[in-house]
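Examination of the molecular architecture
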Amino acid sequence: MAESDNVNEYHAANRARWNHGAEAWAAMHDRRGTWRVAHRRPEQVFLPQEIELIGDVEGRRVCVLGSGDNLAVFAFAGMGARVTSVDISVEQLAVAQRRARELGLTIEFVESDVSDLGCLPDASFDLVYTGGHVAVWVSDLRTYYREAIRILRRKGLFLINEYHPFRRIWKGEESTLAVAYSYFDNGPHEYLASRDVLDKAQGEIKQFEFHWTVSEYLRAVIEQGVDLIRFEEIGDEAEGWEGAPLQGLPQKLLIAGRNS
Ligand SMILES: C[S@@+](CC[C@H](N)C(=O)[O-])C[C@H]1O[C@@H](n2cnc3c(N)ncnc32)[C@H](O)[C@@H]1O
């Protein structure tokens, strides 16, 4: 799979970040082992609310954007869907391809920036799924979701499950909450990260993050003519990897829309 040159400087840096990080990300998922069972136990991958919205996808065409660990991809494949897995990182896709072979799953893997899905035709999917920390890497949320909806057929489902934006604004490694960024500051927030994506220490890998507000998420969906069918904020537990004590803040932002 060849890398596309047609990406902006932020996405090129983030692609390199994930290419460097793929090995550690894969090792973490090997330790957890969820990828081995995702195709048999979709309830370990999706929230009950998502399972309800997804319904019966047997034989349906599903596209997962920013597929990363590919747990959602494997779960959809196990539910009988014909799945396309899109990610900007060839290394992330290589791990997923290897795992799909091991699991005996047939999946189409596509290397692409989610802001330019030119390789995928209009109205070709019944369901487009994205989230779990993808929008944070994307410099233009509207273009990303416009593309997602372009490839969705009429009445198709657009399903987003993102890390809640209220969790992104705090200083890390503090015992009490201290604001690091205004909630309204989209960024780019530039970091020098370690090659190992799990290592929080500063390193030499440049990455750019983007913070979107709840209303920006909603507008980016509704402005494309999608009918909002569900909008929910879910969970309030601390997640193990977070530096700041975020218990009590909403964890996930679930948005579902039907293409008109
Ligand atoms: C934290 S993962 C999120 C996906 C999944 N939930 C996971 O935990 O692995 C972020 C993924 O988004 C991908 N990504 C980042 N920017 C992207 C872009 N502009 N287009 C497509 N994929 C992108 C990265 O390569 C990475 O695999």
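Use the structure listed above.
Here's what I pulled together on the structure shown here. Since the structure is predicted, the reported quantities are computational estimates derived from the model, not experimental observations.

What about the side chain of S67?
- Mapping S67 onto the fold places it in the loop between β1 (61-65) and α4 (71-78).
- A distance of 2.7 Å separates a polar atom in the side chain of S67 from a polar atom in the side chain of S85.
- Aside from chain neighbours lying at most four places away, what touches S67 is V73, S85, V86, D87 and L93.

Comments concerning the site of the ligand
- What surrounds the ligand is a group of 18 residues, the closest being W25, D69, D87, Q92 and V114.
- Contact distances for the ligand include 3.2 Å between a nitrogen atom and a backbone N or O atom of I88.
- One nitrogen or oxygen atom from the main chain of V114 is found 2.9 Å from a nitrogen atom belonging to the ligand.
- The dominant element in the shell around the ligand, judged by the number of residues it contributes, is helix α1 (residues 9-32), at three residues.
- Split into classes, the residues belonging to the shell around the ligand amount to six nonpolar, nine polar and three charged.

Considerations on the packing of α1 against helix α5 (residues 90-103)
- In contact at an axis separation of 7 Å, α1 and α5 are set at 35° when each is read in the N-to-C sense. Along the contact surface, α1 presents W18, N19, A22, W25, A26, H29 and D30, while α5 presents V90, E91, Q92, V95 and R99.

With respect to a nonpolar patch on the surface
- Where nonpolar side chains cluster on the molecular surface, the patch consists of I222, L228 and F231 and spans about 240 Å² of accessible area.
- Inspection of the secondary structure puts F231 in strand β8 (residues 226-234).
- Judged by its relative accessible area of 35%, F231 is partly exposed.

Remarks on the sheet that holds β8
- Sheet architecture is open: seven strands sit in the order β3-β2-β1-β4-β5-β9-β8, paired in mixed fashion. Two strands lie at the open edges of the sheet, namely β3 (108-111) and β8, each paired on one side alone. Between one strand axis and the next, the sheet turns by 15° as a mean value, whatever way the strands run.
- Across seven bridges, the pairing between strand β5 (residues 152-163) and strand β9 (residues 252-259) is antiparallel. For F158, the partnering residue across the bridge sits in β9 and is G257.
- With respect to the sheet, helix α6 (residues 141-150) is in contact with β1, β4 (125-131), β5, β8 and β9, its orientation differing from that of β5 by roughly 140°.

Some details on the pattern of salt bridges
- Here the structure, examined in full by the defined rule, presents twelve salt bridges.
- For R167, the salt bridge is made with E242, and the minimal N-O distance between the two is 3.0 Å. Of this pair, R167 sits in the loop between β5 and β6 (189-193) while E242 sits in the loop between β8 and β9; the two residues are 75 residues apart in sequence, bridging distant segments of the chain.
- Measuring nitrogen to oxygen at the nearest pair gives 2.9 Å for the salt bridge that ties E232 to R230.
- Several salt bridges converge on common partners, so that one network encompasses E52, R230 and E232.

A few points about α1
- The end-to-end C-alpha distance of α1, which contains 24 residues, comes to 33 Å, matching closely the 34 Å that a straight helix rising 1.5 Å per residue would cover.
- At G21, α1 shows its maximal bend, which comes to roughly 50°.
- Looking at where α1 begins, the residue whose side-chain oxygen comes 3.0 Å from the main-chain nitrogen of Y10 is N8.
- Phi turns positive, to about 80°, at G33, one or two residues after α1.

Side note on empty space enclosed by the protein
- Using the criterion set out here, one finds two cavities of 30 Å³ or more in the structure.
- The computed volume of the largest cavity comes to approximately 60 Å³.
- Along the walls of the largest cavity sit A22, W25, A26, H29, G68, D69, N70, F74, Q92, V95, A96 and R99, which together make up its complete lining.
- Only α1 and α5 provide two or more residues apiece to the lining of the largest cavity.
- Its residues placed into classes, the lining of the largest cavity shows six nonpolar, four polar and two charged.
- There is about 40 Å³ of room inside the second largest cavity.
- When the residues that make up the lining of the second largest cavity are grouped by side-chain class, the tally is five nonpolar, one polar and one charged.

The rules behind the values
Residues numbered from 1 in each chain as written. Predicted model: local features only at pLDDT ≥ 70, side-chain atom pairs only at ≥ 80, totals over all residues. Heavy atoms only, no water. Helix = DSSP H or I, 4+ residues; strand = E, 2+ residues; numbered from the N terminus. Polar contact = N/O pair within 3.5 Å; in protein donor to acceptor, adjacent residues only side chain to side chain. Contact = heavy atoms within 4.5 Å. Near = heavy atom within 4 Å. Nonpolar A, V, L, I, M, F, W, Y, C, P; charged D, E, K, R; others polar. Axes fitted to C-alpha atoms, helices over the stretch in contact; angles between N-to-C directions. Patch = residues over 30% accessible without salt bridge, like charges linked within 9 Å, V, L, I, M, F, W, Y side chains within 5 Å. Areas by Shrake-Rupley, 256 points an atom, 1.4 Å probe, with all protein chains shown as cover. Salt bridge = Lys/Arg side-chain N within 4 Å of Asp/Glu carboxyl O. Buried < 20%, exposed > 50% of the residue type's maximum accessible area, 1.4 Å probe, protein only. Pairing = 2+ DSSP bridges. Expected span 1.5 Å × (residues − 1). Bend = angle between axes of the 7 residues up to and from the residue. 1 Å grid on protein atoms, 1.4 Å probe; cavity = no way out; pocket = protein on both sides within 12 Å on 5 of 7 lines; lining within 4 Å. Points joined across faces, edges and corners; volume = space filled by probe spheres on them.

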